[in-house]
Amino acid sequence: MRWKILIALISLAVLTSNAQEEHIYRVKKLKGEAQVRHGAKENWQKLATGDTLHADDTIILWKDGYIEIETENSTFKSSGGIILNISDLKRLTKEEFLLQLAFEEMKNIPEVKREKQNARSTGIYGSEINIKEPKPKEAQNLTHFWTGGVKSLFENGFYETASIRAKNLMSKFNELKDDIDLKIIVAKSLEKLGLYGEAIAEYRKIISSSNDESLNSKLEKKISELKSKITSSENSR
């Protein structure tokens, strides 16, 4: 019962933090084939240069494509092979970020995962990710498109939403639960945001589950570097 109350409180806090004036996004440039799903609708429509997008939209850009989307303060650029929730094209305050990160961690509690197994979960962060695949393309597993979207978010500096979406995907899809690339994106995002202690914790999780000695050696070195930064920061106070 306690975890249910805690989730409810976190959900309310995140919803409140997201209750702000909606920004309209615009497709500045588009090459190749792309589609958009507006809101909770299950039908997909062709996306074109000049189209406007809203926070509750989801887009898919097929391989060999390229897109530029004007966001509130920058231009998001990505090559093809991605699925992207437009709600992820935003920066978060440290408080908002840690709150939403806590919510994703909370969803990994065994009792919570069991309760949600037979329920459709739209969550409080972005759109439902178990979307119906766009009709024009042959049936295929699109989890790698979601992973591609996370990588593009990271490359464009959306470190908060990249890490949250990565955790979201790892908890949602069994084939991604141990994805090293997503785990590293989470750790690197935390590092980029100056959350060195949290980044160290994520790097240690990777090391504990990895048999790649070369990778583990690099991550141990990274942990040492971050510890030095923490010590330096504390000494300068």
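Residues numbered from 1 in each chain as written. Predicted model: local features only at pLDDT ≥ 70, side-chain atom pairs only at ≥ 80, totals over all residues. Heavy atoms only, no water.

Caption draft 1: The arrangement of the overall build of the chain in detail. Summing up its helical and strand segments, the chain has 8 helices and 8 strands in all. Across the 237 residues in the chain, those meeting the buried criterion constitute 45%. Partitioning the contacts of the chain with sequence separation of at least 6, the portion at a separation of at least 24 is 62%. Entry remark: accessible area of the chain is about 12900 Å², with carbon and sulfur atoms responsible for 48%. (Helix = DSSP H or I, 4+ residues; strand = E, 2+ residues; numbered from the N terminus. Buried < 20%, exposed > 50% of the residue type's maximum accessible area, 1.4 Å probe, protein only. Contact = heavy atoms within 4.5 Å. Areas by Shrake-Rupley, 256 points an atom, 1.4 Å probe, with all protein chains shown as cover.)

Caption draft 2: Just the sheet that holds strand β7 (residues 75-79), in detail. Ordered by their spatial adjacency, 4 strands build an open sheet running β4-β1-β6-β7, and the pairing between neighbours is antiparallel. Of all strands in the sheet, those with a lone pairing partner are β4 (52-53) and β7, marking the two edges. Bridging between strand β1 (residues 25-31) and β4 involves 2 bridges; their strand directions are antiparallel. The residue bridging tyrosine 25 from the neighbouring strand is leucine 53, located in β4. (Pairing = 2+ DSSP bridges.)

Caption draft 3: Structural detail: the packing of helix α5 (residues 159-172) against helix α6 (residues 180-192). One can describe the packing of α5 onto α6 by two numbers: an axis separation of 9 Å at closest approach and a directional angle of 150°. In terms of orientation, α5 lies roughly antiparallel with respect to α6. In terms of crossing hand, the pair formed by α5 and α6 is left-handed. Counting all contacts with α5, which are made through Tyr159, Ala162, Ser163, Ala166, Lys167, Leu169 and Met170, the residues of α6 involved are Leu182, Lys183, Ile185, Val186, Ser189 and Lys192. Of the residues belonging to the contact of α5 with α6, the class tally is 8 nonpolar, 2 polar and 3 charged. (Axes fitted to C-alpha atoms, helices over the stretch in contact; angles between N-to-C directions. Parallel < 35°, antiparallel > 145°, perpendicular 65-115°, else oblique. Left-handed = near helix turned anticlockwise from the far one by under 90°. Nonpolar A, V, L, I, M, F, W, Y, C, P; charged D, E, K, R; others polar.)

Caption draft 4: Spatial organisation of the nonpolar core. Ranked by size, the top nonpolar core spans 54 residues in total, and within it Leu47, Leu53, Ile59, Ile69 and Leu89 carry the most contacts. Setting aside residues no more than four positions away along its own chain, leucine 89 makes contact with Tyr25, Ile69, Thr71, Phe76, Leu84, Leu153 and Phe158. (Core = buried A, V, L, I, M, F, W, Y, C linked by side-chain atoms within 4.5 Å.)

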